[in-house]
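The residues making up each chain are set out below.
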Amino acid sequence: MNSIAKTPRPPYYAAIFTSERTEGDGGYGVMGDKMVELAAQQPGFLGVESVRDHNGVGITVSYWESLDAIKNWKHNELHKVAQEKGKSEWYKTFGLRVSKVERDYFFTV
């Protein structure tokens, strides 16, 4: 997850997950890696980008072909386990925004 996602030409969708972590790992890192691997296997998945600052605030953006693909990911059984663990242990606060990407621009040096 250390690179910019290579998305197709718009339109596509972005699920923007913003969170503030609790102290300690508690299996968070391992589950995060599993979620990226599992999401990559889901129909309609296009890519993911994720960052977290030294205060525990993070933003993960996953890109999807359709709103149905995002909905199917939300209801994935292992993803539901991770969501519950997030609510009970890993996050102080979190939110999700879903947006349609209509334009994108990139510059490479």
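Criteria and cut-off values
Residues numbered from 1 in each chain as written. Predicted model: local features only at pLDDT ≥ 70, side-chain atom pairs only at ≥ 80, totals over all residues. Heavy atoms only, no water. Phe/Tyr/Trp six-rings, centres within 6.5 Å; stacked < 30°, edge-to-face > 60°. Helix = DSSP H or I, 4+ residues; strand = E, 2+ residues; numbered from the N terminus. Buried < 20%, exposed > 50% of the residue type's maximum accessible area, 1.4 Å probe, protein only. Lys NZ or Arg CZ within 6 Å of the ring centre and 35° of its normal. Pairing = 2+ DSSP bridges. UniProt positions renumbered as here; feature names shortened; annotations may be inferred. Salt bridge = Lys/Arg side-chain N within 4 Å of Asp/Glu carboxyl O. 1 Å grid on protein atoms, 1.4 Å probe; cavity = no way out; pocket = protein on both sides within 12 Å on 5 of 7 lines; lining within 4 Å. Points joined across faces, edges and corners; volume = space filled by probe spheres on them.

Naming follows an unreviewed UniProt entry, where the chain appears as Antibiotic biosynthesis monooxygenase of Paenibacillus polymyxa.

(A) How the structure looks around the packing of aromatic side chains. Applying the stated criterion to the full structure yields eight aromatic pairs. Ring centres of Tyr12 and Tyr63 lie 5.9 Å apart, and the angle between their planes is 80°; this geometry places the pair in the edge-to-face category. Of this pair, Tyr12 sits in strand β1 (residues 12–21) while Tyr63 sits in strand β3 (residues 57–64), placing them 51 residues apart in sequence. Tyr12 gets classed as buried once you look at its relative accessible area, which sits at 3%. For the ring pair Tyr28 and Tyr91, a centre distance of 5.8 Å and an interplane angle of 90° mean the geometry is edge-to-face. Within this pair, whereas Tyr28 is found in helix α1 (residues 28–40), its partner Tyr91 is found in strand β4 (residues 91–101), the two being separated by 63 residues in sequence. Linked through ring pairs, Phe17, Tyr28, Trp90, Tyr91 and Phe94 together constitute an aromatic cluster. When the ring centre of Tyr28 is taken as reference, the NZ or CZ atom of Arg21 above it lies at 3.9 Å.

(B) Inspection of the pairing of strand β2 (residues 45–52) at higher detail. Where β2 lies against β3, seven bridges are found, and the strand directions are antiparallel. What sits directly across from Glu49, in β3, is Val61. Linkage of β2 to β3, two consecutive antiparallel strands, is achieved through a turn of four residues, within which Gly56 is found at a positive phi near 95°.

(C) Structural detail: the UniProt feature "domain: ABM" (unreviewed entry) in the chain. Under the feature "domain: ABM" (unreviewed entry), the UniProt entry names residues 35–85. The span residues 35–85 is 45% helical and 31% strand by assignment, and the distance between its end C-alpha atoms comes to 13 Å.

(D) Spotlight on the pattern of salt bridges. Under the counting rule described, the total for this entry stands at four salt bridges. Here Lys85 and Glu89 are joined by a salt bridge, their closest N and O atoms 3.0 Å apart. One end of the pair is Lys85 and the other is Glu89, both in helix α3 (residues 77–90) and four residues apart, which spans about a single turn. A relative accessible area of 31% places Lys85 in the partly exposed class.

(E) Geometry of the layout of surface pockets. One number sums up the size of the largest pocket: a volume of about 910 Å³. Lining the largest pocket are 33 residues, with Phe17, Thr60, Trp73, His79 and Tyr91 sitting closest to its centre. For the lining of the largest pocket, the secondary structure elements donating two or more residues are β1, α1, β2, β3, α2 (67–74), α3 and β4. The dominant element in the lining of the largest pocket, judged by the number of residues it contributes, is α1, at eight residues.

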